[in-house]
Amino acid sequence: MNDELKKAMIEIEELAMQLADMLGAALHFAGVGEEKMPRAVELYLERFEKISGGGGYEMSYEDVVNIIEGIKKSHPDLFT
């Protein structure tokens, strides 16, 4: 594997970690407690997969909000 490819893979991993942190922050401010965060993330990712069809779909912030609102309605127990 060449150096450019290694560097690109590291950058992708870093971006993925930043996105995971941002999702956690969004769910936190939506009212998900720390102990319920793993389940909320799992539900979010399931809904994202349904919307995106597995890839190629560009999410808007409205899509993110709609997913979180949908989780709030279907799983209110996750939110304080």
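Looking at this model, I keep getting lost on the overall build of the protein. Mind explaining?
In terms of helices and strands, the protein carries three helices and zero strands. On C-alpha atoms alone, the protein measures out to a radius of gyration of 15 Å, which is more than a quarter above the 12 Å that the 2.2 N^0.38 rule sets for 80 residues. Reported as C-alpha extents along the three principal axes, the dimensions of the protein are approximately 50 × 25 × 20 Å. With 80 residues in all, the protein has 24% of them scored as buried. Within the protein, contacts between residues separated by at least 24 positions form 49% of all contacts whose residues are at least 6 apart in sequence. In the structure as shown, the protein presents an accessible area of about 6,100 Å², 59% of it carried by carbon and sulfur atoms.

When you look at the layout of surface pockets in this model, what are you seeing that I'm missing?
Regions of empty space are outlined by a rolling probe, equal in size to a water molecule, passed over the atoms. If you add up the space inside the largest pocket, you get close to 250 Å³. Taken together, Leu19, Ala20, Met22, Leu23, Ala26, Val41, Tyr44, Leu45, Phe48 and Val64 form the lining of the largest pocket. For the lining of the largest pocket, the secondary structure elements donating two or more residues are α1 (3-30) and α2 (37-52). Examining the composition of the lining of the largest pocket, we find that five residues originate from one element, α1, more than from any other.

How should the confidence of the model for the protein be read in this particular structure?
For any part of a model where pLDDT is low, the fine detail of the predicted coordinates should not be relied upon. Averaged over the protein, the pLDDT score is 93; the fraction of residues at 70 or greater is 98%. Looking at the elements of the protein, mean pLDDT is at its lowest for α2, recorded as 93, and at its highest for helix α3 (residues 61-74), recorded as 96.

Sorry, what's going on with the nonpolar core here?
Side chains of a nonpolar character, in soluble globular proteins, are inclined to be buried together. In terms of nonpolar packing, the biggest core is built from 13 residues, with Leu27, Val32, Tyr44, Ile68, Ile71, Leu78 and Phe79 touching the most fellow members. Put simply, the parts of the chain that give this core at least two residues each are α1, α2 and α3.

What is the right way to read the side chain of aspartate 63 from this model?
With respect to the helices and strands, aspartate 63 occurs in helix α3. Among buried Asp, Glu, Lys and Arg side chains, aspartate 63 stands out as unpaired, with arginine 47 the closest opposite charge at 12 Å.

Looking at this structure, how should I read a nonpolar patch on the surface?
A grouping of Met1, Leu5 and Met9 is seen on the molecular surface, where their side chains present a nonpolar patch of about 310 Å² in accessible area. Of note, methionine 1 is situated in the segment before α1. Overall, methionine 1 belongs to the exposed group, its relative accessible area being 64%.

Just checking my understanding: could you explain α1 for this structure?
Given 3.6 residues per helical turn, the α-helix brings residues three or four places apart onto the same face. Between the first and last C-alpha of α1 there are 41 Å, a value that for 28 residues agrees with the 40 Å anticipated at 1.5 Å per step. Among all positions of α1, only Leu23, Gly24, Leu27 and Ala30 are buried. For α1, the N-terminal capping position is held by asparagine 2, with its side-chain oxygen 3.1 Å away from the main-chain nitrogen of glutamate 4. Looking at the residues trailing α1, positive phi occurs at glycine 31, about 115°.

So, how was this worked out
- Residues numbered from 1 in each chain as written.
- Predicted model: local features only at pLDDT ≥ 70, side-chain atom pairs only at ≥ 80, totals over all residues.
- Heavy atoms only, no water.
- Helix = DSSP H or I, 4+ residues; strand = E, 2+ residues; numbered from the N terminus.
- Rg over C-alpha atoms; globule rule 2.2 N^0.38 Å.
- Buried < 20%, exposed > 50% of the residue type's maximum accessible area, 1.4 Å probe, protein only.
- Contact = heavy atoms within 4.5 Å.
- Areas by Shrake-Rupley, 256 points an atom, 1.4 Å probe, with all protein chains shown as cover.
- 1 Å grid on protein atoms, 1.4 Å probe; cavity = no way out; pocket = protein on both sides within 12 Å on 5 of 7 lines; lining within 4 Å.
- Points joined across faces, edges and corners; volume = space filled by probe spheres on them.
- pLDDT = per-residue confidence, 0-100.
- Core = buried A, V, L, I, M, F, W, Y, C linked by side-chain atoms within 4.5 Å.
- Lys, Arg positive; Asp, Glu negative; His and termini not counted.
- Salt bridge = Lys/Arg side-chain N within 4 Å of Asp/Glu carboxyl O.
- Patch = residues over 30% accessible without salt bridge, like charges linked within 9 Å, V, L, I, M, F, W, Y side chains within 5 Å.
- Expected span 1.5 Å × (residues − 1).
- Polar contact = N/O pair within 3.5 Å; in protein donor to acceptor, adjacent residues only side chain to side chain.

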